[in-house]
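Analysis of the macromolecular model
Here's the letter readout for the chains.
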Amino acid sequence: MNFSIRPGTHDDIADLVQLSLLAWVPVFQSFKQVLGSNIYSHIYPDWQKQQSEVVAKICQDSEKISLLVAEVDGVVAGFLAYSLDREELTGEVELLAVHPDYQNQGIGTALNQYALEAMKANGIKLAVVATGGDPGHAPARKSYEKAGYTGLPLVRYYKDL
């Protein structure tokens with residue numbers, strides 16, 4: 001499959017929000033299964049609304065965020081948003097999503113590699129990304145590992161009261 005990567009624009013944001021909602025359905029299903037309905041409903045009373053707002057906010061912040069968009073035959077297939085901290089010389093992947101129809105075809109890895117090259121070209125010395133350890137995040141972990149990231153397992157606990 002042929003795809004291209006280009007800088008994202010404000011005109012892409014609506015498509016990126018919709019793509020992210022489709023891509024992250026398994027993540028939120030996994031969260032609900034892992035956390036149980038009570039805790040899940042406290043944290044994510046309306047995950048689609050919450051995620052739509054987060055994605056739009058991050059993607060609109062063109063002063064702090066660099067946005068990459070992957071296209072297949074002119075169709076938005078995935079995106080990655082990253083930020084640079086020039087004082088700390090770190091770059092962070094803020095968001096990564098690939099449309100379900102295009103997952104497991106190298107788009108996530110290519111977006112990661114493109115971002116890492118851009119970070120390096122900007123003098124960044126350390127790239128950082130955070131993702132979940134739940135089953136729904138397994139594709140994201142695989143993509144980050146293929147791009148050369150080293151994982152540090154962390155655990156966050158929740159207790160329903």
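Figured I'd write up the structure that's included with this text. What you see is a predicted model; the values in this text were computed from it and never measured.

Structural notes on the pattern of salt bridges
Two side chains carrying opposite charge are able to pair once their charged atoms lie near each other. Going through the model one piece at a time under the given rule, you end up with three salt bridges. Among the salt bridges present, the one from D12 reaches R6, with a minimum N-O distance of 2.7 Å. For K49, the salt bridge identified is with E53, shortest N-O distance 3.0 Å. Taken together, the positions of K49 and E53, both in helix α4 (residues 47-60) and four residues apart, correspond to about one turn of that helix. Under the relative-accessibility criterion, K49 is labelled partly exposed at 49%. Salt bridges here are not isolated pairs; linked through shared partners, they connect R6, D12 and E71.

Looking at helix α5 (residues 107-121)
Compared with an ideal rise of 1.5 Å per residue, which puts 15 residues at 21 Å, α5 spans 21 Å between its outermost C-alpha atoms and is within 8% of the ideal. Turning to α5, its buried residues number three or more, namely I107, G108, T109, A110, L111, N112, A115, A118 and M119. Packed against the buried residues of α5 are β1 (4-7), β2 (65-72), β3 (75-85), β4 (90-98), β5 (126-129) and α6 (138-146). With its phi angle positive at about 80°, G123 sits one or two positions after the end of α5.

Let's talk about the sheet that holds β5
The five strands are arranged β1-β2-β3-β4-β5 in an open sheet whose pairing can be described as mixed. Here the strands that pair on one side only, and so sit at the sheet edges, are β1 and β5. For this sheet, the mean inter-axis angle between neighbouring strands, taken without regard to orientation, is 25°. Where β1 lies against β2, four bridges are found, and the strand directions are antiparallel. Looking at the pairing, R6 lines up with V69 of β2. Running at roughly 100° to β3, helix α1 (residues 13-23) makes contact with β2, β3 and β4 of the sheet. Of the strands in this sheet, β1, β2, β3, β4 and β5 are in contact with α5, which crosses β3 at around 30°.

Cut-offs used in this document
- In this convention, every chain numbers its residues from 1, walking through the sequence in written order.
- In view of the model being predicted, local features appear only for residues whose pLDDT reaches at least 70, and side-chain atom pairs are presented and counted only at 80 or more, with totals across whole chains, interfaces and linings using the full set of residues.
- Values shown for side chains rest on all heavy atoms present in the structure; no hydrogens or waters enter the calculation.
- Any carboxyl oxygen of Asp or Glu that lies within 4 Å of a side-chain nitrogen of Lys or Arg is treated as forming a salt bridge with it.
- Elements are defined by DSSP. Helices are runs of H or I of four residues or more, strands are runs of E of two residues or more, and each kind is numbered from the N terminus.
- Classification of residues uses two cut-offs on accessible area relative to the type maximum, computed with a 1.4 Å probe and protein chains only: under 20% is buried, over 50% is exposed, and between them is partly exposed.
- One fewer than the residue count of a helix, multiplied by 1.5 Å, yields its expected span.
- Whether two residues touch is decided by their heavy atoms; if any such pair falls within 4.5 Å, the residues are in contact.
- One bridge is not enough; two strands pair if DSSP finds at least two bridges between them.
- Only the contacting stretch of a helix is used when fitting its axis, a line to C-alpha atoms as for every element, and angles between N-to-C directions run 0 to 180 degrees.

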